[in-house]
Amino acid sequence: MSDHRNLQDLNHHLLNASRVLILTHQQPDLDAIGSALSWSHQLTAQGISSYIFVADTLYNQFDFLPGLSAVQKNPPKFKDFDTLLVLDCSTLLRVKNIDSLKLDLNNMTVINIDHHTDNTFFGNVNLVEDISSVGELSFLIFSELKWTITPDIAMCLYAAILFDTGCFTNTNVSPQTFRVCAQLVEANARAHYVTEQMYESYSQASYDTLRVGLERLQVRKDYAFTSVPKEVREGDIKLIEFIRKLSGIQVALVFREMENGSIKVSLRSKSTFSVSKFAALFGGGGHHRASGIIVEGLLKETMEQMCKKLEDVLPDPNFYVA
Ligand SMILES: [Mn+2]
């Protein structure tokens, strides 16, 4: 951990905290939920009460995570939170339905723990590192604070890291990532069990998504894209990860029509082309190699518009990172 002063601030605030509201981004992934649960377990162990609010319905794929029932879809009835812990969000705008909580942010300590390079440092305390996952970052924080890593915490953090590193295949994997995971396995994260639960337990709906997505795949010069209409049940498989594996492309895109009429776009880059810079053109964000956009619009028009824009900017050096 590079930032000791912020860590001391965090420690100071948490020692004085009485009730912590834990939030993460909309459509939360395993890094978001695994990290949130690890914090909830950890705060309980430290004698601090917490409440995890997530407006979205969670994927069944998360069911194996210890303590998952702590994630609440309903806003809490009580109002007296003194601390807001925001995980895996580059800005507070990433939290779905935050308005429904009617938070008095001026009278709360906002703790921002994230690993996105476009983080806006919106917290009173900001622990932001360019690192594989919030899971890895949370482990480092717990370790520095000398907080015990219980088997439940280890399992949640291992799942978070496994997910955000694409099973240790992404460029965000560092020697430290493996050292952290070794310590998590020593702390009784069951590595094989977690992998089996996450990647060998897909629902039948996932295969519908995969079949439709592959049927609709279009390959252009330098990029490939596909789409899934809303009639196709949302599975828990990551279609974008299959498209990304195609050779000869720089960028992969998946356009998913949502129930509420908006379009969710998942983007991956296989080169130094930054899909987060591209996503920002449409109000999205994320990492250089993995980003997302949610827009209102029709599927066909959205695809045409974004693919045209992509072709325009692919030759532009401003969209590439070192
Ligand atoms: Mn993450």
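None of the values given here were measured: they were computed from a predicted structure.

1. Quick word on the overall build of the protein chain
- Of regular secondary structure, the protein chain possesses 10 helices and 12 strands.
- Counting only C-alpha atoms, the protein chain reaches 55 × 40 × 40 Å along its principal axes.
- Burial statistics for the protein chain: of 322 residues in total, 52% are counted as buried.
- If you take every contact in the protein chain between residues at least 6 apart in sequence, the share linking residues at least 24 apart comes to 68%.
- Here the protein chain has roughly 14,800 Å² of accessible surface; of this, 50% comes from carbon and sulfur atoms.
- Averaging the locations of the 29 positively and 37 negatively charged side chains of the protein chain gives two centres separated by 4 Å.

2. Looking at the sheet that holds strand β3 (residues 71-72)
- If you trace the six strands from one edge of the open sheet to the other, you get β3-β2-β1-β4-β5-β6, paired in parallel fashion. Strands at the two margins of the open sheet, each flanked by one partner only, are β3 and β6 (125-128).
- Relative to strand β5 (residues 109-114), strand β4 (residues 83-87) runs parallel, the two being bridged by five bridges. If you follow Val86 over to β5, its bridge partner there is Asn112.
- On top of the sheet, helix α2 (residues 30-45) reaches β1 (19-24), β2 (49-53), β3, β4 and β5; it is set at about 170 degrees to β1, its chief contact.
- Seen against the sheet, helix α3 (residues 134-144) touches β4, β5 and β6 and runs at an angle of roughly 120 degrees to β5.

3. Some words on the domain arrangement of the protein chain
- Per the domain assignment, the segments making up the protein chain are domain 1 (4-199) and domain 2 (204-319).
- Put simply, the middle of domain 1 and the middle of domain 2, counted by C-alpha atoms, are 27 Å apart.
- Between domain 1 and domain 2, the contact holds 12 residues from the first and 13 residues from the second.
- Taken over both partners, the interface formed by domain 1 and domain 2 buries close to 920 Å², and the fraction arising from carbon and sulfur atoms is 50%.
- Three residues stand out in domain 1 for area buried against domain 2, namely Gln27, Tyr59 and Thr171, and they jointly supply 39% of the buried area on that side.
- Viewed at the interface, domain 2 and domain 1 are joined by three residue pairs in polar contact (both at pLDDT 80 or more).
- Classifying every residue of the side of domain 1 that touches domain 2 by side-chain character gives two nonpolar, nine polar and one charged.

Conventions used here
Position labels on residues start from 1 in each chain and follow its written sequence. Under the rules for a predicted model, residues below a pLDDT of 70 receive no local features and side-chain atom pairs below 80 are neither given nor counted, while totals for whole chains, interfaces and linings still include all residues. Based on all heavy atoms of the structure, the side-chain values leave hydrogens and waters out of the count. Secondary structure elements are taken from DSSP: a helix is a run of H or I of four residues or more, a strand is a run of E of two residues or more, and numbering for both begins at the N terminus. Exposed residues in this analysis have more than 50% of their type's maximum accessible area, buried residues have under 20%, and partly exposed residues fall in between, with area computed by a 1.4 Å probe over protein chains only. By the convention used here, residues are in contact when the closest approach between their heavy atoms is within 4.5 Å. For the area figures, the Shrake-Rupley method with a 1.4 Å probe applies, and any residue is considered shielded solely by the protein chains shown. In this tally Asp and Glu are treated as negative and Lys and Arg as positive; neither His nor the chain ends contributes. Every charge is mapped onto a representative atom, which is NZ of Lys, CZ of Arg, CG of Asp or CD of Glu. Pairs of strands are assigned from DSSP output, requiring at least two bridges between the strands. For helices, the fitted axis covers only the stretch in contact; all axes are lines through C-alpha atoms, and the angles between them, taken along N-to-C directions, range from 0 to 180 degrees. Residue ranges for the domains originate in an automatic or database domain assignment. Defined in terms of a 1.4 Å probe, buried area is the accessible area two parts forfeit on being brought together, summed over both. Here a polar contact is taken to be a pair of N or O atoms separated by no more than 3.5 Å, where protein atoms must pair a possible hydrogen donor with a possible acceptor and residues adjacent in sequence count only if both atoms sit in side chains. Charged residues are taken to be Asp, Glu, Lys and Arg, nonpolar residues to be Ala, Val, Leu, Ile, Met, Phe, Trp, Tyr, Cys and Pro, and polar residues to be all remaining types, Gly included.

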